[in-house]
Amino acid sequence: MDSDNFRPSRRQFLGVFTGIATVAAAPVYSKTFGFLRQAGDIRRIRMYSQRTGESIDTIYYANGKYIPEVMAEISYFMRDWRQNAVKDYDPRNLDILAASSKKMDTDEPYLMISGYRTPRTNRMLRGAAQNSYHMQAMAADVRLRGRSVNQIAGAAKSCNGGGVGTYARSNFVHMDCGPIRTWRG
């Protein structure tokens, strides 16, 4: 193999970070929001969409930076599947999702019910907030098979990173990176 022409794939490159994550402890920054410290210096998200059948299991943040190519993949994954519309997904909400997952000590992927929504899709959904953070690509509705909605909501609330809605009858939790607030639906 010609070493001058060797270019590792993104997966090979990110695999190095996975190994580092198990060896090195994530640094703590005194001016960083608490939930970001919980997310770690190497941040990973695992999700599955039953609507599209797609899944994502990826490191999206390493060495103090969000990885642009991965953020584009996540934005596509979080798209409005009804309209097939993509909007850049807010990384702050990924941090809330990742930190919540770490707080629950689970590697289980989130079942993503709703990510980004176009205004058209939002209007179609009964009970959706008129100015939903979903329309700004700043929210996700999720569930985990191995955790109750109260456990998921409790972890999200402890992050103090945004809004948390608990929908026990519909079996999902809404997380967004807007103002800190809580509600039951």
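Since we're looking at a predicted model, the values are computed, not measured.

Q: Give me the packing of aromatic side chains: which residues, what numbers.
A: On inspection of all chains with the given rule, the structure shows 3 aromatic pairs. Plain terms: the ring middles of Tyr60 and Tyr66 are 6.2 Å apart, the flat faces sit at 15° to each other, and that makes the pair stacked. Relative accessible area serves as the criterion here: at 0%, Tyr60 is assigned to the buried category. Ring plane angle 10° and centroid distance 4.5 Å describe the contact between Tyr167 and Phe172, whose orientation is recorded as stacked. For Phe172, a relative accessible area of 15% gives the class buried. Following the ring pairs from residue to residue traces out a cluster consisting of Tyr60, Tyr61 and Tyr66. The ring of Tyr61 carries Arg43 above its face, with NZ or CZ at 3.7 Å from the centroid. The ring centre of Tyr76 lies 4.0 Å from the NZ or CZ of Arg79, which sits over that ring.

Q: Now, about the sheet that holds strand β1 (residues 43-48): what can you tell me, with residues and values included?
A: The 8 strands lie next to each other as β3-β2-β1-β4-β5-β7-β6-β8, forming an open sheet whose pairing is mixed. Single-partner strands in this sheet number two, and they are β3 (65-66) and β8 (181-184). Where β1 lies against strand β2 (residues 55-62), 6 bridges are found, and the strand directions are antiparallel. When the bridges of β2 are listed, Arg43 appears paired with Tyr61. Packing against the sheet, helix α3 (residues 68-77) makes contact with β1, β2, β3 and β4 (110-114), and its axis sits at approximately 145° to β2. Strands β5 (139-143), β6 (163-167), β7 (172-176) and β8 of the sheet are contacted by helix α6 (residues 149-159), whose axis makes an angle of about 170° with β6.

Q: Lay out helix α4 (residues 91-103) in plain terms, naming residues and giving numbers.
A: The end-to-end C-alpha distance of α4 is 18 Å, a good match for the 18 Å that 13 residues give at a rise of 1.5 Å each. Considered for burial, the residues of α4 that qualify are Asn93, Leu94, Asp95, Ile96, Leu97, Ala98, Ala99, Ser100 and Ser101. Positive phi shows up at Asp105, right after α4, with a value of about 55°.

Q: Tell me about unusual backbone geometry, and name the residues and values.
A: For residues other than glycine, phi is negative in most cases, and the peptide bonds are mostly trans. In the Ramachandran plot, Asp105 falls in the positive-phi region, its phi being about 55° despite a non-glycine side chain. Following the sequence through the fold, Asp105 ends up in the loop between α4 and β4. Given a relative accessible area of 70%, Asp105 falls into the exposed group. In this structure, Asn160 is a non-glycine residue whose phi angle is positive, near 50°. The residue Asn160 is located in the loop between α6 and β6 in this model.

Q: Any chance you could break down the nonpolar core for me, citing the residues and the numbers?
A: By size, the foremost hydrophobic cluster in this structure holds 37 residues, and its most contacted members are Met47, Tyr60, Ile74, Leu94, Tyr110 and Met175. Those elements giving two or more residues to this core turn out to be β1, β2, α3, α4, β4, β5, α6 and β7. If near-sequence neighbours (up to four positions away) are discounted, Met175 is found in contact with Asn93, Ile96, Leu97, Ser100, Tyr110, Met138, Ala139, Ala140, Val142, Ile152, Ala156 and Gly163.

Q: With reference to specific residues and values, describe the side chain of Asp141.
A: When you line up the elements, Asp141 lands in strand β5. Sequence-distant contacts of Asp141, defined by excluding residues within four places in its chain, comprise Leu111, Met112, Ile113, Ser114, Arg117, His134, Phe172, Val173 and His174.

The rules we used
- Residues numbered from 1 in each chain as written.
- Predicted model: local features only at pLDDT ≥ 70, side-chain atom pairs only at ≥ 80, totals over all residues.
- Heavy atoms only, no water.
- Phe/Tyr/Trp six-rings, centres within 6.5 Å; stacked < 30°, edge-to-face > 60°.
- Buried < 20%, exposed > 50% of the residue type's maximum accessible area, 1.4 Å probe, protein only.
- Lys NZ or Arg CZ within 6 Å of the ring centre and 35° of its normal.
- Pairing = 2+ DSSP bridges.
- Helix = DSSP H or I, 4+ residues; strand = E, 2+ residues; numbered from the N terminus.
- Contact = heavy atoms within 4.5 Å.
- Axes fitted to C-alpha atoms, helices over the stretch in contact; angles between N-to-C directions.
- Expected span 1.5 Å × (residues − 1).
- Core = buried A, V, L, I, M, F, W, Y, C linked by side-chain atoms within 4.5 Å.

Spatial relationships are all this shows, so hold off on functional conclusions.
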